[in-house]
Amino acid sequence: MESPAKRAKTAGDAEIQEFLDSVNSQYEKLHLEFEAQFWGTKMALQEPEGSYSTVKLSTTKEAMEAFLRRPDLLQRSKELLATGKASETQQRVLECFVKALGCYQMSDPAAVELRHECTVTEDDLGEKRNTMKLGFRDATAGGEFVEQSSVGLRTTLKTAPQPEVRRAAWEGLRSIGTFILSNGFVELVKHRNAMARKLGYEDFYDYKVTQAEGFGKARLFEILDTLLHGSQKIFDDARSAFQTEKGETALEAWNVGFLMAGDVELRQDAYFPFEKSVENWGRSFSKMGIRYQGATMTLDLFDRKGKYSNAFCHWPQPAWRKPSGDWQPSVTNFTSLADPSAVGSGKTALTTLMHEAGHAAHFANIDQPSPLFSQERAPTSVAYAENQSMFLDSLVKDAAWRVRYARNRKGEPLPWELHEAEVRATHKYQVFLLRSMLSVPYFEKALYELPEDQITAEAIQALADKVETEVQGELAARPLLSVPHIISDESSCYYHGYVLAEMSVFQTRKFFLRQGPIVDNPNIGKTLTQAYWQPGNSAMFLDLVENLTGEPLTGAAWIEALEEDLEVKLAREKIEYDQAMTQMGSAAASASPSADGSEAADVNLDMRIVIKDGDFVIADSDKDGTFLNTCKTFEGFVRSRFLKDKDV
């Protein structure tokens, strides 16, 4: 006969599991409904008719957050933990619930109402921003208005040979700030701060960073200050050298990017054909042993009017391990803003693919017993999320990677001379990127610290200009008020994550390179999966980095890379380039290369890929049969739509 203690233990476990199942299923449903609206509105989808709207976006988001802030769910999670009856797995899920639900608690009804005001104001501003007429007056074409997205304007800044055109494009980017300041951003900042202070935080930035990273704003900026001050001399020397080398006006916002690249961007363009970007990402990840665990991934890659002006990756269906042991694969949506006819679009698109597909790989591999471990909002660390994507997009600059994947339409690899020219043109000025990244969190910190009576359009614009000048030395090539992250709730007070992640990228790369090459190394995917991806938000970002690399996270590896002697760097990368050429030659002799020089074997990513342009389906691996067949369909679409008048 079963003992009372054993019956109590069994009953307790069943009771706990019933609660866990209920929370998991309810959250999963609400998450899916919100993400459907997020994707539909950001992509300006029209089908099915009437399915997507900012009203529905606000409603579904508020429903999801209302569920997450239910105090009874948090209290019940704590009570069940205290019983001591939970199995090890159940305890982990309950601890996750306590952590996640705790991020959304708002006992003050006034805070809930302010949260509602934030959502409505943000969605209204976002809709207006998506339909903003953006572009510049082209003085070389009689003042004709050239309509371009923010991505197009930044491309013009980097590639247009006429300084007056570049300046006009920069002024087009500046106009975004004027637009958002007169269409709700001022009110949004006030609502956000009022809500955060109702909840007991110093301000909205303190609220966001505490929820996501587990430490407050003060600790964050102690870390960032070390980079800001530690890079100051390198930055000052680089600015002086750049002006001496390039001329008196070189540091003007509309000149820096173009003069840094010179004609290298144009000369490299042929080696990054846009239509090959999906294939090259897939081949690279597959060779590194990265798998998506049965995920379905939808890619919307082309820039178009009305589409959200920043690349992102979201998961309407989080990956997780069900109580039965069955695996729930992720469903991923990610987007970029490519114009295949523009110079530099192929390189930008490939880098974006590597970045967003890195996000997708990370979240597809989170193997935990609740979807709350694998959703991208708090308590998931921003730095943790961005570390994965930025590590993988960093490969596009590697000499060894370029031998294999930066190839022109004849299959010829990017010549060493072009890679060397880029390194010579940009290496000593890489600190400019660090300072550009730092300027966003320093601006948002100062923005949310403004006294309420000083939060005006004029004051915010003046503050943005002040931070740009103090951190970047001049008004920025990418004006702070044009950065889309500052509008969206998901990405506001977020940019510090890129900085912390970049610190981790350099530290992680250093760790791997001590052991051998990164490019096409199948152990990289396996190691990333086990060390960084599978835990999800069950572990702290700083702990994950230290556990893998053996060292606490610091900016030392990043600063070390900035200080590396140019000739030493070139000598090291020439060895890597030559070794990759030799390996490619050996592989070509033993394999059957395709017509363009790439290997013919199909790509194994363990996923379904769907490529779309808005509502239109371009390619689908379920119909095309294999990943490479899907790439061929995509390539044919790009050629017929964008390249038919070009000699390709």
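In its Sequence similarities (unreviewed entry) section, the UniProt record describing the chain reads: "Belongs to the peptidase M3 family."

(A) Looking closely at the layout of surface pockets. The computed volume of the second largest pocket comes to approximately 420 Å³. Along the walls of the second largest pocket sit 30 residues, with Thr 41, Lys 42, Thr 54, Glu 127 and Asn 130 positioned nearest its centre. Only helix H1 (4–42), helix H2 (54–68) and helix H5 (109–130) provide two or more residues apiece to the lining of the second largest pocket. Among the elements that line the lining of the second largest pocket, the one with the most residues is H5, at six residues. Partitioning the lining of the second largest pocket into residue classes produces eleven nonpolar, 14 polar and five charged.

(B) Structural detail: unusual backbone geometry. A cis amide bond, omega -10°, links Glu 47 with the succeeding residue Pro 48. Tracing the chain through its elements places Pro 48 in the loop between H1 and H2. Along the chain, Ala 378 connects to Pro 379 via a cis peptide bond; the corresponding omega equals 15°. Turning to its location among the elements, Pro 379 is positioned in the loop between helix H15 (345–364) and helix H16 (382–393). Unusually for a residue other than glycine, Gln 293 sits at a positive phi of about 55°. Following the sequence through the fold, Gln 293 ends up in the loop between helix H14 (277–287) and strand S3 (295–302). The backbone of Cys 493 sits at a positive phi, close to 50°, despite the residue not being glycine. Mapping Cys 493 onto the fold places it in the loop between helix H20 (457–472) and helix H21 (496–515).

(C) Focus on the sheet that holds strand S4 (residues 312–317). Read from one edge of the open sheet, five strands run S4-S7-S3-S8-S9, paired in mixed fashion. What marks the edges here is a single partner per strand, and that holds for S4 and strand S9 (616–620). On average, each strand axis in the sheet is tilted by 25° relative to the strand beside it, whichever way the strands run. Of the pairings in the sheet, the one linking S3 to strand S7 (residues 331–338) comprises six bridges and is parallel in character. What sits directly across from Thr 298, in S7, is Asn 333. Packing of H14 onto the sheet brings it into contact with S3 and strand S8 (607–613), and relative to S8 it is tilted by some 160°.

(D) Representation of the pairing of S8 within the structure. In terms of burial, S8 is a largely internal element, six of the seven residues being buried. As paired elements, S3 and S8 share six bridges and run parallel to each other. Counterpart to Thr 298 in the pairing with S8 is Val 610. Alignment of S8 against S9, held across four bridges, turns out to be antiparallel. The residue bridging Val 610 from the neighbouring strand is Asp 620, located in S9. Linkage of S8 to S9, two consecutive antiparallel strands, is achieved through a turn of two residues, within which Gly 614 is found at a positive phi near 70°.

(E) Structural detail: the environment of Ala 196. Structurally, Ala 196 can be placed in helix H8 (residues 185–198). For Ala 196, a relative accessible area of 0% gives the class buried. Residues Ala 196 and Asp 465 lie 269 residues apart in sequence; the distance between their C-alpha atoms is 26 Å. Residue contacts for Ala 196: discarding those within four places in its chain leaves Tyr 201, Asp 203, Phe 204 and Tyr 207.

(F) Structural context of the pattern of salt bridges. In this structure the tally under the stated criterion is 55 salt bridges. Here Lys 347 and Glu 422 are joined by a salt bridge, their closest N and O atoms 2.6 Å apart. You can see Lys 347 sitting in helix H15 and its partner Glu 422 sitting in helix H18 (residues 416–426), a full 75 residues away along the chain. The burial state of Lys 347 is the same as that of Glu 422; both residues are buried. One salt bridge connects Arg 424 with Glu 420, and the closest N-O pair in it is separated by 3.1 Å. A residue pair is termed a helical-turn pair when its members lie 3 or 4 positions apart in one helix, as Arg 424 and Glu 420 do in helix H18 at four residues. Residue classification places Glu 420 among the partly exposed residues on the basis of a relative accessible area of 21%.

(G) Quick look at the UniProt feature "domain: Peptidase M3A/M3B catalytic" (unreviewed entry) in the chain. As recorded in UniProt, the feature "domain: Peptidase M3A/M3B catalytic" (unreviewed entry) lies at residues 157–563. Overall, residues 157–563 shows 57% helix and 6% strand. The separation of its end C-alpha atoms is 27 Å.

(H) View of H5. For H5, built from 22 residues, the straight-helix expectation of 32 Å at 1.5 Å per residue is met to within 8% by its first-to-last C-alpha distance of 32 Å. Of the positions making up H5, those classed as buried are Ala 111, Leu 114, Arg 115, Cys 118, Thr 119, Thr 121, Glu 122, Asp 123, Leu 125, Gly 126, Arg 129 and Asn 130. The opening residue of H5 is Asp 108, an N-cap whose side-chain oxygen sits 2.8 Å from the backbone nitrogen of Ala 110.

(I) Inspection of the state of the cysteines at higher detail. Applying the stated criterion across every chain yields a total of zero disulfides. Residue Cys 103 stays outside any disulfide, its sulfur separated by 9.8 Å from that of Cys 96, the closest cysteine.

(J) A look at the side chain of Glu 28. Its location among the elements puts Glu 28 in helix H1. For the buried Glu 28, no salt bridge exists, and the shortest N-O distance to an oppositely charged side chain is 5.6 Å, to Lys 322. Of note is the side chain of Glu 28, whose polar atom sits 2.7 Å from the side chain of Gln 317. In this view, Glu 28 contacts Gln 317, Trp 320 and Gln 328; residues no more than four positions away in its chain are not counted.

The rules behind these values
Residues numbered from 1 in each chain as written. Predicted model: local features only at pLDDT ≥ 70, side-chain atom pairs only at ≥ 80, totals over all residues. Heavy atoms only, no water. UniProt positions renumbered as here; feature names shortened; annotations may be inferred. 1 Å grid on protein atoms, 1.4 Å probe; cavity = no way out; pocket = protein on both sides within 12 Å on 5 of 7 lines; lining within 4 Å. Points joined across faces, edges and corners; volume = space filled by probe spheres on them. Helix = DSSP H or I, 4+ residues; strand = E, 2+ residues; numbered from the N terminus. Nonpolar A, V, L, I, M, F, W, Y, C, P; charged D, E, K, R; others polar. Pairing = 2+ DSSP bridges. Axes fitted to C-alpha atoms, helices over the stretch in contact; angles between N-to-C directions. Contact = heavy atoms within 4.5 Å. Buried < 20%, exposed > 50% of the residue type's maximum accessible area, 1.4 Å probe, protein only. Salt bridge = Lys/Arg side-chain N within 4 Å of Asp/Glu carboxyl O. Expected span 1.5 Å × (residues − 1). Polar contact = N/O pair within 3.5 Å; in protein donor to acceptor, adjacent residues only side chain to side chain. Disulfide = S-S within 2.5 Å. Lys, Arg positive; Asp, Glu negative; His and termini not counted.

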